[in-house]
Amino acid sequence: MKLPTNVAAADPKKVKVVKEFVHDSPLIACRFDPTGQYVVATSQDNKVLRWDLESGEKVEYISHDSWVRGIEFSADGKWLITGGFDGQLAWWDLSSTSTEPARKLDAHEGWIRSCHSSPNGQLLVTGGNDNLAKIWNLGSGELLHTLSGHEKNVYSVAFHPTLNCVLTGDLAGVVNEWDWPNHQVTRSFDAKALHTYNGGQRVDFGGVRSLAISNDQKQLACGGLHNASNPLGSVHDPLIVLFDWESQEVTKSLIAPGLKGGIWRCLYHTAGFLFAASGGSSGGYLLFWDMESEKDIHRLKLPHLARDMDLHLDGLRIATSHYDKKLRICSLAPQD
């Protein structure tokens, strides 16, 4: 993602919903494309949706035989890559209205949970329910490396913005840092606070749902949930665990008192705050922290359960995908 261009104008306490796009099935994941022209979402009818932000025109891509959680793009915005719960990766020409993918391949045994492209735009890393992370040539689709070592499902993946390493987070709260060309784990971060095993319900629950590296690269944020007293009833609390990058020590645990839900994604804004989308039995929220306090400094109650979010390259617009079949655009710009 390009750095936001309107940092000074972004004000978390002024955030509000300014636009909605509607589909006919509940939405799952969402991302803005690198050019800033489109917002892409996925839905429970197994479709991939592309909305033009200005005109509202919608294109529906149909190929996966399952829900789709992973969304990523080539650096130039030409290609959209999606990873589905069917274990398949698909490449779409984002400028085309064709509903057929340009390329499709079997990538993982079971669900693909997450996708992320490298800073140079040449590589793609994926993580899935086969406990593996895989690195691909983004342009050709060639499998380059398989990273094996997690004992639980891999929920989140991320390339470091400057170092030659990949981060992978799993269901048990283990975050591995990989020297991926050598297939080796160089370090691990202990985010076990994000994991719960409920013996009564026999549910292994939680996991590192989101990974984010601070703009100064001194901090790693791991988002998810804890205190899962009733996982099947969505009775749990959102939590972000912050690590010092060098020491690997936990520096803060960011909470949102009174809310029941989980963190679906967290991001650092170059204006100096961290924000996240939370969804659960309390509904949907955008949450904001100022990096000084462990409690959120502001929260926006969204109209319905949120399941994902992304930040536009202008640094002012946030997309959230919702169970009520709507994608919402929020603005951080002060309103006249």
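Everything below is about the structure printed above this text.
As the structure is a computational prediction, the values presented were derived from the model and not from experiment.

**Student:** Describe the packing of aromatic side chains, listing the residues and the values that go with them.
**Tutor:** Scanning the model with the defined rule gives 9 aromatic pairs in all. Geometrically, the ring pair formed by Phe-21 and Trp-51 is stacked, given 5.5 Å between the ring centres and 25° between the ring planes. In this pair, Phe-21 is assigned in strand 1 (residues 16-22) and Trp-51 in strand 4 (residues 47-52), connecting sequence segments 30 residues apart. A single burial state applies to Phe-21 and to Trp-51, both of which are buried. Ring geometry for Phe-85 against Trp-111: centres 3.9 Å apart, planes inclined by 0°, an arrangement best described as stacked. With a gap of 26 residues between them, Phe-85 in the loop between strand 7 (79-84) and strand 8 (88-93) and Trp-111 in the loop between strand 9 (103-106) and strand 10 (112-117) connect regions that are remote in the sequence. Take Phe-85: its relative accessible area is 15%, and that puts it in the buried class. Site record: aromatic cluster; members linked through ring pairs are Trp-67, Phe-85 and Trp-111.

**Student:** Tell me about the nonpolar core, residues and numbers included.
**Tutor:** Among the nonpolar cores identified, the biggest contains 18 residues, and Val-15, Phe-275, Leu-286, Phe-288, Ile-318, Cys-330 and Leu-332 are the most heavily contacted of them. Breaking this core down by element, the ones donating at least two residues are strand 25 (274-280), strand 26 (283-289), strand 27 (298-302) and strand 28 (306-311). Membership of the second largest hydrophobic core comes to 16 residues, among which are Ala-212, Ile-263, Cys-266 and Leu-287.

**Student:** I'd love a proper account of the sheet that holds strand 1, names of residues and values included.
**Tutor:** Strand pairing in a sheet relies on backbone hydrogen bonds. The paired strands run either parallel or antiparallel. Spatially, 1-30-29-28 is the arrangement adopted by the 4 strands of the open sheet, whose pairing is antiparallel. Taken across any chain shown, the strands that pair with only one partner, and hence form the sheet edges, are strand 1 and strand 28. For this sheet, the mean angle separating the axes of adjacent strands, direction not counted, is 25°. Inspection of the sheet shows strand 29 (residues 317-322) paired to strand 30 (residues 326-331) by 5 bridges, in the antiparallel sense. Residue Thr-320 lies in a different strand from strand 30, and its bridge partner there is Arg-328.

**Student:** Which residues make up the sheet that holds strand 17 (residues 184-190), and what are the values?
**Tutor:** The 4 strands lie next to each other as 14-15-16-17, forming an open sheet whose pairing is antiparallel. Two strands lie at the open edges of the sheet, namely strand 14 (154-159) and strand 17, each paired on one side alone. Taking the axes of each pair of neighbouring strands and ignoring which way they run, one obtains an average angle of 20° across the sheet. Judged from the 4 bridges that link them, strand 15 (residues 166-170) and strand 16 (residues 174-179) form a sheet pairing that is antiparallel. Directly across from Leu-167, in strand 16, lies its bridge partner Glu-177.

**Student:** Tell me what's going on with the environment of Ala-10, and back it up with residues and numbers.
**Tutor:** For Ala-10, the location among the structural elements is in the segment before strand 1. Overall, Ala-10 belongs to the buried group, its relative accessible area being 11%. Along the primary structure Ala-10 and Tyr-268 are separated by 258 residues, whereas in three dimensions their C-alpha atoms are 12 Å apart. Filtering out sequence-adjacent residues up to four positions away, Ala-10 remains in contact with His-269, Phe-273, Gly-315, Leu-316 and Leu-332.

How each quantity is defined
Residues numbered from 1 in each chain as written. Predicted model: local features only at pLDDT ≥ 70, side-chain atom pairs only at ≥ 80, totals over all residues. Heavy atoms only, no water. Phe/Tyr/Trp six-rings, centres within 6.5 Å; stacked < 30°, edge-to-face > 60°. Helix = DSSP H or I, 4+ residues; strand = E, 2+ residues; numbered from the N terminus. Buried < 20%, exposed > 50% of the residue type's maximum accessible area, 1.4 Å probe, protein only. Core = buried A, V, L, I, M, F, W, Y, C linked by side-chain atoms within 4.5 Å. Pairing = 2+ DSSP bridges. Axes fitted to C-alpha atoms, helices over the stretch in contact; angles between N-to-C directions. Contact = heavy atoms within 4.5 Å.

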